[in-house]
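# Examining the three-dimensional arrangement
Now for the letters of each chain:
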Amino acid sequence: MLLLVAPAALVLVCFQIIPIFIGMNASFRDWSLVNPAKTWIGLKHYRDVLSDPVFLYTVLPNTFMLMVSSVVLSLASGLGLALLLNKPFFGRPVVRTVILLPLTVAPVITATMIRWSFNDQFGVITNLLSVLGFPEIGWLSDKWPSFSLIILTDVWIWAPWFTIIILAALQGLPREPFEAAQIDASGKWRTFTHITLPMLKPVIIVCVLIRSIDAFRTFDQVWILTGGGPARETEVFSVYAYVEAFVHLDYGKGAAAAGLGALIMLVVGIGLYKLVNRLMEVSR
Amino acid sequence: MTVEPFTLPIARPGPTMFERFAPGAWRVFIGLVIVAVLMIFIAPVAILIVTSIRPASGIYYIWRGTEFTLQNYVEVLQQPQILHAMFNSFVMATLATVVSLGVTVGSGYMLSRFTGRIQKTWFATIYVFRTVPYISFVLPLYLVTTNLRIYDTYLGLLLPHIAVHVCFFSWLMKGFFDSINPSMEHAALIDGCTRWGAFRRVALPSAMPGIAALSILSWLWTWNEFLFALILTGQRTPMITSTMAQFVTETGTEWNLMSATAVLAMLPALLVTIFGQKYVIRGLRM
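The rules behind each value
Residues numbered from 1 in each chain as written. Chains lettered and ligands numbered in written order. Predicted model: local features only at pLDDT ≥ 70, side-chain atom pairs only at ≥ 80, totals over all residues. Heavy atoms only, no water. Helix = DSSP H or I, 4+ residues; strand = E, 2+ residues; numbered from the N terminus. Buried < 20%, exposed > 50% of the residue type's maximum accessible area, 1.4 Å probe, protein only. Contact = heavy atoms within 4.5 Å. Areas by Shrake-Rupley, 256 points an atom, 1.4 Å probe, with all protein chains shown as cover. Core = buried A, V, L, I, M, F, W, Y, C linked by side-chain atoms within 4.5 Å. Buried area = accessible area lost by both parts, 1.4 Å probe. Salt bridge = Lys/Arg side-chain N within 4 Å of Asp/Glu carboxyl O. Polar contact = N/O pair within 3.5 Å; in protein donor to acceptor, adjacent residues only side chain to side chain. Nonpolar A, V, L, I, M, F, W, Y, C, P; charged D, E, K, R; others polar. UniProt positions renumbered as here; feature names shortened; annotations may be inferred. Patch = residues over 30% accessible without salt bridge, like charges linked within 9 Å, V, L, I, M, F, W, Y side chains within 5 Å.

### Quick look at the overall build of chain B
What chain B contains, in helices and strands, is 13 helices and 0 strands. Secondary structure elements in chain B, listed N-terminal to C-terminal, are α-α-α-α-α-α-α-α-α-α-α-α-α. Per-residue burial over chain B gives 50% buried out of 286 residues. Counting contacts in chain B only where the partners sit at least 6 residues apart, residues at least 24 apart contribute 72% of the total. On chain B, roughly 14,200 Å² of surface is accessible, and the fraction owed to carbon and sulfur atoms is 68%.

What follows is the structure in structure tokens.
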């Protein structure tokens, strides 16, 4: 029994758990280039991060805003798409294939495509919008347009994931409640809110849990689309840690930020897990 | 005397206002929604592909003009770094998939079939470590790989990839084995199979469809992975995603060449979407 887990556990310990401790150790030391001894400086980096206005007032709100808006919007559009695809119509297989694209194309490439489509001079979508008479928007040069572009990219990537899982669940639902609803002349909307949605609840909850955890560490799209700019205003937590460590070359501060993020996620993750368990019990 | 068969009349909700005044409008609306959905998901990819076959002078306002060329691809493929990066990504994705599946199949089986303290602890461990943001251990892994002198090598990127797959794949593998009825294995045990034999000859073949689906996704995820490649590789072992990102964030003007590179990097994804969608859907549903 132990033998079955041993290889997996070994890799996990060596390349995830030990590095986390090494990172914690590194976050307590001075990493400036003129100090080869890497002196122990205690909690200074953590104090720096926690008193950094960029981290407190930009990075943390951005991270949670991205997490919540991405999960809510992709759940809503994914659910809508799943309901649409649940009914047969001409060309359904095509739609089903096409929505797999976002899940197989690398987020780096997706972000590149979006960045090019919204290019301020030559982007197809920018031009389309100006032809349609919309006022000019600095898609990648102002904070809120760039941030909404990041959210949009995330929704584009993840809505199909919700669709596929919810569609599978929809097709596995028993027929009887729907027949009963039909006999009782229940309208479409009532059938949806009173029968479909409650039966889908467990699946949706699990999806939201997995997605929320993953959305917290979003890096690729943000890095390619805005690089955290303009002026660090769209940085999220992963980008912040990367920028501190490899752009500002303050490795200790980056490690401290990464550690804090892991801590936050541990609390959020356990909280979500408890919440999910309670919700699942209620819905049973 | 015959009795007429009696059937319960099915009550239907009356036509809504909408249906009464504009019959068929609902279907038109749904049709428009479907077209919009298709557009939304195809447009960015299409824009990228069109850009990649335009000459450098024609990428601005790409919907105008009729000059098309494959010159961009020729130029991109002549750069040794791009070819090298594609080769590296290919090797890395294949290695990471084979090794991580090999490592996690046992762990998933154990999670599914055994109970007890070890199983509980292991399950809690993989749950907790799945929540750890990648940056929190990739950042220190930069130090680890530099110190072990495996920074910017296959090994230095492969091992972290496997480590991150361990949590998620064990979880998925548990799901595959959970969906298989264990009574088959019990029967095999009674017929004189060893525990190992029951796993290898009975459980493993039944879990194969799931594992096949997972292997395709795993290959794609490793090929698409960016953060590890960005931090753990440099000039010697470039990966396709980090090479592309360099293009986009540093030079940022030659969009025709960038698009050609992006299309090349997207090729496996397109192929899998077209030919392997059955497996992708199965894998994602787990």
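Having put the structure on the table, let's press on.
### What to know about the environment of L100 of chain A
Within the secondary structure, L100 of chain A is located in the loop between helix 4 (92-98) and helix 5 (101-104). What makes L100 of chain A buried here is its relative accessible area of 0%. Considering only alpha carbons, one finds L100 of chain A and G259 of chain A, 159 residues apart in sequence, at a separation of 34 Å. Other than its neighbours up to four places away in sequence, L100 of chain A contacts I164 of chain A together with T273, Q277, V280, I281 and L284 of chain B.

### Side note on the nonpolar core
Residues I109 and I166 of chain A together with W122 and M266 of chain B are the most contacted members of the largest nonpolar core, which totals 176 residues. Top element by residues in this core is helix 8 (residues 143-171) of chain A. It accounts for 16 residues. Among all residues touching I166 of chain A, those that are not within four sequence positions of it are L75, L79, A82, L200 and I204 of chain A.

### Overview of the interface of chain B and chain A
Contacts between chain B and chain A engage 83 residues on the former and 84 residues on the latter. Here chain B packs against chain A, burying approximately 7,900 Å² in sum over the two surfaces, 80% of which is carbon and sulfur. Between the two partners, chain B and chain A, sit 1 salt bridge. In this structure, the salt-bridge partner of D214 of chain A is R130 of chain B, at a minimum N-O distance of 3.3 Å. Viewed at the interface, chain A and chain B are joined by 13 residue pairs in polar contact (both at pLDDT 80 or more). Broken down by element, the side of chain B that touches chain A gets its largest block of residues, 14 residues, from helix 2 (residues 25-52) of chain B. Its residues placed into classes, the side of chain B that touches chain A shows 67 nonpolar, 13 polar and 3 charged.

### Looking at the UniProt feature "transmembrane region" (unreviewed entry) in chain B
On the UniProt side, "transmembrane region" (unreviewed entry) is annotated at positions that read residues 28-53, 90-111, 123-142, 154-173 and 257-276 of chain B here. Note that residues 90-111 of chain B is 100% helix and 0% strand, and that its end C-alpha atoms are spaced 31 Å apart.

### So, helix 12 (residues 237-247) of chain A
Residue and element names in this part refer to chain A. Here helix 12 lies mainly inside the structure; 9 of its 11 residues are buried. Of all the residues in helix 12, the buried ones are F237, S238, V239, Y240, A241, Y242, V243, E244 and A245. The first or second residue beyond helix 12 is L249, which carries a positive phi of 55 degrees.

### Considering unusual backbone geometry
One non-glycine residue, R232 of chain A, adopts positive backbone phi at about 65 degrees. Along the chain, R232 of chain A turns up in the loop between helix 11 (220-225) and helix 12.

### Let's talk about the UniProt feature "transmembrane region" (unreviewed entry) in chain A
Residue and element names in this part refer to chain A. When the UniProt feature table is mapped onto this chain, "transmembrane region" (unreviewed entry) is found at residues 64-85, 97-118, 147-170, 191-213 and 255-276. Its end C-alpha atoms 31 Å apart, residues 64-85 is made of 100% helix and 0% strand. Secondary structure content for residues 191-213 is 100% helix and 0% strand, while the C-alpha to C-alpha distance between its ends is 31 Å.

### Things to note about the UniProt feature "domain: ABC transmembrane type-1" (unreviewed entry) in chain A
Here, the residues flagged by UniProt with the feature "domain: ABC transmembrane type-1" (unreviewed entry) are residues 60-276 of chain A. As a span, residues 60-276 of chain A carries 76% helix and 0% strand, and end to end its C-alpha atoms are 24 Å apart.

### What to know about the environment of T226 of chain A
Residue and element names in this part refer to chain A. The residue T226 is located in the loop between helix 11 and helix 12 in this model. Measuring from C-alpha to C-alpha, the distance between T226 and A111 comes to 9.5 Å, with 115 residues separating the pair along the chain. Every residue in contact with T226, bar those within four places of it in the chain, is listed here: L140, S146, I150 and T234. In this structure the side chain of T226 is engaged in a polar contact, spanning 3.0 Å, whose partner is the backbone nitrogen of G228. Polar side-chain contacts of T226 include one of 2.9 Å to the side chain of T234.

### A closer look at a nonpolar patch on the surface
Residues L263, L266, V267 and I270 of chain A make up a contiguous nonpolar surface patch of about 350 Å² in total accessible area. Among the secondary structure elements, V267 of chain A is positioned in helix 13 (residues 251-283).

### Some details on the pattern of salt bridges
A full pass over the atoms with the stated rule returns 11 salt bridges over all chains. Among the charged side chains, a network of salt bridges with common partners joins D52, R232, E235, E244 and K253 of chain A.

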